Every structure is written in structure tokens, then in C-alpha cells.
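Geometric and topological summary
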Amino acid sequence: MTDVYLAPGVRTPFVKGGTAFAGYDGLSLSVPVIKALAARARPDFVVWGEVIPDATVSNIARELIFEAGLDPTIPAFSTVLACSTSFVGVIEAAGMVGRGGTHLALVGGVETMSHVPIALKSGVADKLLATFAHDPAAAAAMLGGLNAGDFNLPANAWANRVSGRSQGQHTEDTAKRFNINRADQDAWALRSHQSAVAGQDAGFFTNLIVPFAGVEHDTLPRRDTSAERLAGLRPVYDAAGTITAGNASPVTDGAAGLWVGDAEGLKRLGAPAAVKLVDWEMAAIDFRLDEGMLMAPGRAIPRLLYRHGLTFSDIALWEVHEAFAAQVLANIRAAADPAYRRERAGVDADLGDFPWDRVNPHGGSLALGHPFAATGARILSQAAKELSGLPAGARAIVSVCADGGQGTVALLEKV
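Structural notes, computed from the coordinates.

What counts and what doesn't
Residues numbered from 1 in each chain as written. Predicted model: local features only at pLDDT ≥ 70, side-chain atom pairs only at ≥ 80, totals over all residues. Heavy atoms only, no water. Helix = DSSP H or I, 4+ residues; strand = E, 2+ residues; numbered from the N terminus. Rg over C-alpha atoms; globule rule 2.2 N^0.38 Å. Buried < 20%, exposed > 50% of the residue type's maximum accessible area, 1.4 Å probe, protein only. Contact = heavy atoms within 4.5 Å. Areas by Shrake-Rupley, 256 points an atom, 1.4 Å probe, with all protein chains shown as cover. Lys, Arg positive; Asp, Glu negative; His and termini not counted. Charge placed at Lys NZ, Arg CZ, Asp CG, Glu CD. Salt bridge = Lys/Arg side-chain N within 4 Å of Asp/Glu carboxyl O. Axes fitted to C-alpha atoms, helices over the stretch in contact; angles between N-to-C directions. Parallel < 35°, antiparallel > 145°, perpendicular 65-115°, else oblique. Nonpolar A, V, L, I, M, F, W, Y, C, P; charged D, E, K, R; others polar. Polar contact = N/O pair within 3.5 Å; in protein donor to acceptor, adjacent residues only side chain to side chain. Phe/Tyr/Trp six-rings, centres within 6.5 Å; stacked < 30°, edge-to-face > 60°. Lys NZ or Arg CZ within 6 Å of the ring centre and 35° of its normal. Pairing = 2+ DSSP bridges.

Next up on the list: the overall build of the protein chain. When you go through the protein chain residue by residue, the secondary structure sums to 14 helices and 12 strands. Relative to a compact globule of 415 residues, whose C-alpha radius of gyration would be 22 Å, the protein chain shows 22 Å and is just as compact. Buried positions account for 54% of the 415 residues belonging to the protein chain. Put simply, 80% of the contacts in the protein chain that link residues at least 6 apart link residues at least 24 apart. Carbon together with sulfur atoms contributes 54% to the accessible area of the protein chain, which is approximately 16600 Å² in total. For the protein chain, the centre of its 35 positive side-chain charges and the centre of its 43 negative side-chain charges are spaced 2 Å apart.

With that settled, consider the pattern of salt bridges. Inspection of every chain in the model, using the stated rule, returns 16 salt bridges. Measuring nitrogen to oxygen at the nearest pair gives 2.9 Å for the salt bridge that ties Arg-268 to Asp-44. Of this pair, Arg-268 sits in helix 9 (residues 263-269) while Asp-44 is found in the loop between helix 1 (26-38) and strand 3 (45-49), placing the two residues 224 residues apart along the sequence. Arg-268 gets classed as partly exposed once you look at its relative accessible area, which sits at 33%. Using a relative accessible area of 14% as the deciding quantity, one classes Asp-44 as buried.

Here we take up the packing of helix 3 (residues 85-94) against helix 14 (residues 375-388). Close contact between helix 3 and helix 14 brings their axes to 5 Å; oriented N to C, the two are set at 65°. What the angle tells us is that helix 3 and helix 14 run roughly perpendicular. Residues Ser-86, Phe-87 and Val-90 of helix 3 form the contact with helix 14, whose own contacting residues are Thr-375, Gly-376, Ala-377 and Leu-380. Looking at side-chain class alone, the contact of helix 3 with helix 14 contains 4 nonpolar, 3 polar and no charged residues.

Let us now look at helix 10 (residues 297-307). Where burial is concerned, most of helix 10 is hidden: 8 out of the 11 residues are buried. Within helix 10, the full set of buried residues consists of Pro-297, Gly-298, Arg-299, Ala-300, Ile-301, Pro-302, Leu-304 and Leu-305. The inward-facing, buried residues of helix 10 contact strand 9 (275-284), strand 10 (317-320), helix 11 (325-335), helix 12 (338-345), strand 11 (395-402) and strand 12 (406-413). Taken from the residues just after helix 10, Gly-309 is the one with a positive phi, measuring 65°.

Right, let's get into the side chain of His-103. Tracing the backbone shows His-103 in the loop between helix 3 and strand 5 (104-112). Here the side chain of His-103 touches Asp-262 through a polar contact of 2.7 Å, side chain to side chain. Beyond its immediate chain neighbours, meaning those up to four positions away, His-103 contacts Asp-44, Val-97, Gly-98, Val-260, Gly-261, Asp-262, Glu-264, Gly-265 and Arg-268.

All right, on to the packing of aromatic side chains then. Counted under the stated rule, the structure contains 10 aromatic pairs. With centroids separated by 5.9 Å and ring planes inclined at 75°, the aromatic side chains of Trp-188 and Trp-356 adopt a geometry described as edge-to-face. Within this pair, whereas Trp-188 is found in helix 7 (residues 182-202), its partner Trp-356 is found in the loop between helix 12 and helix 13 (365-368), the two being separated by 168 residues in sequence. Ring-pair connections join several aromatic residues into one group, and the members of that group are Trp-188, Phe-312, Trp-318, Phe-354 and Trp-356. Seen from the ring of Phe-178, Arg-177 lies directly overhead, with NZ or CZ sitting 4.5 Å from the centre. Lying across the ring of Phe-204, Lys-385 places its NZ or CZ 4.5 Å from the centre.

On to unusual backbone geometry, then. Even without glycine at this site, Asn-179 takes up a positive phi of about 55°. When you line up the elements, Asn-179 lands in the loop between helix 6 (167-177) and helix 7.

Let's shift gears to the environment of Asn-152. Note on placement: Asn-152 falls in strand 7 (residues 151-152). The class of Asn-152 is partly exposed, set by a relative accessible area of 43%. Here the alpha-carbon distance between Asn-152 and Leu-120, two residues 32 residues apart in the chain, equals 5.8 Å.

What follows is about the environment of Gly-164. With respect to the helices, strands and loops of the structure, Gly-164 is situated in the loop between strand 7 and helix 6. Judged by its relative accessible area of 43%, Gly-164 falls in the partly exposed class. Residue contacts for Gly-164: discarding those within four places in its chain leaves Asn-156 and Ala-159.

Moving on, we get to the side chain of Thr-112. Turning to its location among the elements, Thr-112 is positioned in strand 5. The exposure class assigned to Thr-112 is buried, which follows from its relative accessible area of 4%. Those residues in contact with Thr-112 that sit more than four places away from it in its chain are Tyr-24, Asp-25, Gly-26, Leu-29, Glu-50 and Asp-253.

Relative to the helices and strands, Gly-364 is located in the loop between helix 12 and helix 13. C-alpha of Gly-364 to C-alpha of Ala-323: the two residues are 41 residues apart in sequence and 8.9 Å apart in space.

By the criterion of burial, strand 11 is predominantly enclosed, with 7 of the 8 residues buried. Pairing analysis gives 4 bridges linking strand 10 to strand 11, with the strands arranged parallel. The partner of Trp-318 across the bridge, within strand 11, is Ile-397. Of the pairings in the sheet, the one linking strand 11 to strand 12 comprises 8 bridges and is antiparallel in character.

Written out as C-alpha cells, the structure reads:
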């Protein structure tokens with residue numbers, strides 16, 4: 001297999017949906033990221049994704065080639081795997097570089113959660129289109145007679161189609177199943193904000209962000225939050241539950257990208273702070289059972305470690321996506337539980353004690369934000385930068401959970 005490397009890219013600032021980026025769609029929000037990256041080197045191909053798509057754009061990656069003014073001869077394709085979208089784009093690119101004459105890929109994603117498309121129900125749309133074909137005026141008149149029942153409205157916070165329940169509702173199940181209490185969730189959220197703010201103050205994010213629309217930095221990390229403020233928030237999904245707006249990731253707009261290449265591809269970037277993509281693991285669970293929607297990493301992490309003969313302490317850096325504080329705590333608790341590993345992950349090995357102090361040193365999605373398709377690129381790019389500052393041979397685990405009971409985990413190494 002060709003050795004594959006990841007080099008940090010750039011992203012827009014992440015902002016709360018409905019604020020500074022509300023006037024932009026996925027294409028326009030992605031353009032500054034694509035332009036900044038392409039100014040550094042010409043990619044052999046582009047992989048991009050968007051979970052909440054624009055109905056008029058079938059392949060956002062290819063459209064970006066033209067919107068950003070890149071060479072039209074660069075192939076580009078789109079991908080989607082919920083919150084793991086740009087993560088799985090990296091895995092796809094890793095299987096392509098070094099083959100077919102390609103050496104360097106630009107991978108990323110975007111989400112404009114300010115804009116949620118509203119669709120007509122199929123029967124209504126079919127009737128409207130059939131009428132339009134022979135009588136456009138009658139079709140226009142039909143539009144005036146539509147009511148709320150004719151639309152597929154995005155109810156219940158992007159509820160899963162199979163269960164009819166949102167990720168937050170499923171994660172309430174997770175918190176109960178793994179005994180994740182409210183105080184621990186709030187403490188993790190506070191830690192995430194404090195770490196993100198410290199990273200901002202230290203300039204860690206400066207070369208990872210391109211200013212856009214007058215915004216120069218992430219606006220979601222809260223300097224004024226505290227344990228007391230978090231404790232005062234009401235549960236969102238269940239009056240007797242533990243998940244609040246403070247310990248759940250916010251609705252976010254943003255775009256992010258990074259580089260995937262072999263040794264020849266990295267030469268084009270001019271000796272970047274690249275890290276090796278050693279291996280990856282994808283997992284899926286039946287989320288209709290007791291664990292909840294977002295627990296696949298709890299199985300993928302021990303499988304990946306076991307395959308390489310590693311323990312928790314062999315990993316110097318852990319970057320874990322924070323969809324909800326409860327989900328982070330539950331996945332790590334599950335991965336660290338010998339019975340769970342044996343029964344659910346099929347791993348019967350002693351992985352040691354988990355090093356909680358090595359997780360998300362510059363904050364995670366609770367503080368930085370979670371624009372679905374951009375999160376994988378954000379977290380991998382951030383991990384690549386963090387790992388590049390550690391001694392040669394240091395390893396990182398990057399984990400992202402996803403809607404539908406899936407998850408992606410990667411093992412990186414400083415070379």
C-alpha cells in the first residue's frame with residue numbers, strides 16, 4: 001500500500017446558524033476555503049460534501065471547481081456520510097492517491113445550517129410537475145393552494161427517518177444506558193469551551209482559519225460560561241433528561257478542507273506539517289437498541305487499537321467529535337469497559353486505563369461548532385497540526401460519530 005499523509009488545511013470561522021453567514025449558501029461558503037488551499041498547490045482531484053444539500057446542486061465538488069476558478073480539468077466528486085462526511089472523503093481519497101497518476105487530493109465539506117430546503121411531498125410534486133408540463137398557469141395557481149400538509153418539513157431537529165427521533169433524543173437513551181450524569185456532561189462542555197478559548201488566545205487556530213464575511217475567528221466558544229451557568233440550563237429533549245443547549249453542539253455554519261497525499265503529492269505543498277494516515281476503522285450499530293444513535297466509535301476504537309497491538313496509553317492525542325458531551329463520555333466509557341469490548345466490539349484484550357487528559361486539547365465541537373459535513377475536515381486538520389508538534393512516532397486517534405448509528409475512526413502517526 002502507498003503511504004498516505006494528511007496535511008492541515010484551512011476552514012472558515014465556525015459561526016452560529018442564522019448569524020454572520022446566513023446570507024451564504026454552501027457553494028459561496030466553500031469558495032474561500034477552496035481558493036486558499038488551491039493557491040498553495042494544484043490538487044489532482046477534489047472530494048467535497050454537504051449533508052443538507054441544495055436541491056439545485058447535484059455535485060457540489062464539481063460546481064466548486066468553477067465557482068472558485070480552479071482548473072476545469074481537475075476531477076471532483078461529492079460524498080456524504082452525515083457527520084462523518086469529510087472524514088469518509090479522506091478515506092476515499094486515501095484509497096486513490098498513488099494510483100491512476102494521482103498524488104494529491106483536496107478534501108472537505110460545508111454546511112449552511114441556516115438554510116434547510118423544504119420539499120413537497122412526492123404526490124404533490126408529481127401532480128404539480130404533470131400540470132406544469134401542459135398548463136404552466138394552472139400549475140402556478142396550484143402553488144397558491146398548498147398548505148403545510150403538502151410539505152415535508154424538517155421537524156424534530158433533523159429526525160432520523162427510521163426511528164423518527166432526533167440524535168439528541170437518542171443520546172438521552174445513551175446517557176441513561178451508560179449512567180452519564182448531568183454534572184459530568186456540563187463539566188465536559190465547560191472544559192471544551194475553556195480549551196477552545198485558550199487555543200484562540202495562544203494563536204493555535206490562526207493559520208487554520210481564513211477570514212470570511214468580516215468574521216476572523218470562531219464565534220461560538222464562550223468566554224463567559226461557567227459550571228453555574230451550564231447547570232442553570234433546561235433539558236432540551238426530555239424534561240427529566242440531562243442534555244441541554246450547553247452540553248450539545250450548536251447549529252453551525254462553516255466550511256473546512258485539508259490535504260490528502262502521498263510523498264510526491266506532499267512535495268507540491270512545500271514540506272508541510274504532515275502526518276501519516278496509518279489505518280482507519282468504520283463501524284455501524286443497530287441504533288434502535290439500547291445504546292443510542294452515536295455509539296459506533298465505542299466499537300471502532302478498540303478494534304483499531306487491537307489490530308495494531310496498541311493500548312490507550314500508546315496514543316498521545318485523542319481528537320473526539322463532540323456532538324454531545326454525553327456521547328463523548330459514553331463512547332470512551334464503552335471502549336474502556338472490558339465487557340463491552342468483548343461483547344460488542346469483539347475485542348478481548350487489556351487496553352489499559354484511558355488518558356482523559358489527552359482528549360481535545362484545543363476544544364471540540366461543543367465549543368467550536370459542528371457544521372455537519374465540515375466537521376471531519378476540521379477535526380482531522382486540527383489533529384494533524386497538534387500531532388505535528390509532538391515527537392516523531394507519536395500517535396493520534398481521531399473519532400467522529402454519525403447519524404444512522406455509524407462512526408469513523410483513524411490512527412495517525414507523526415513521522
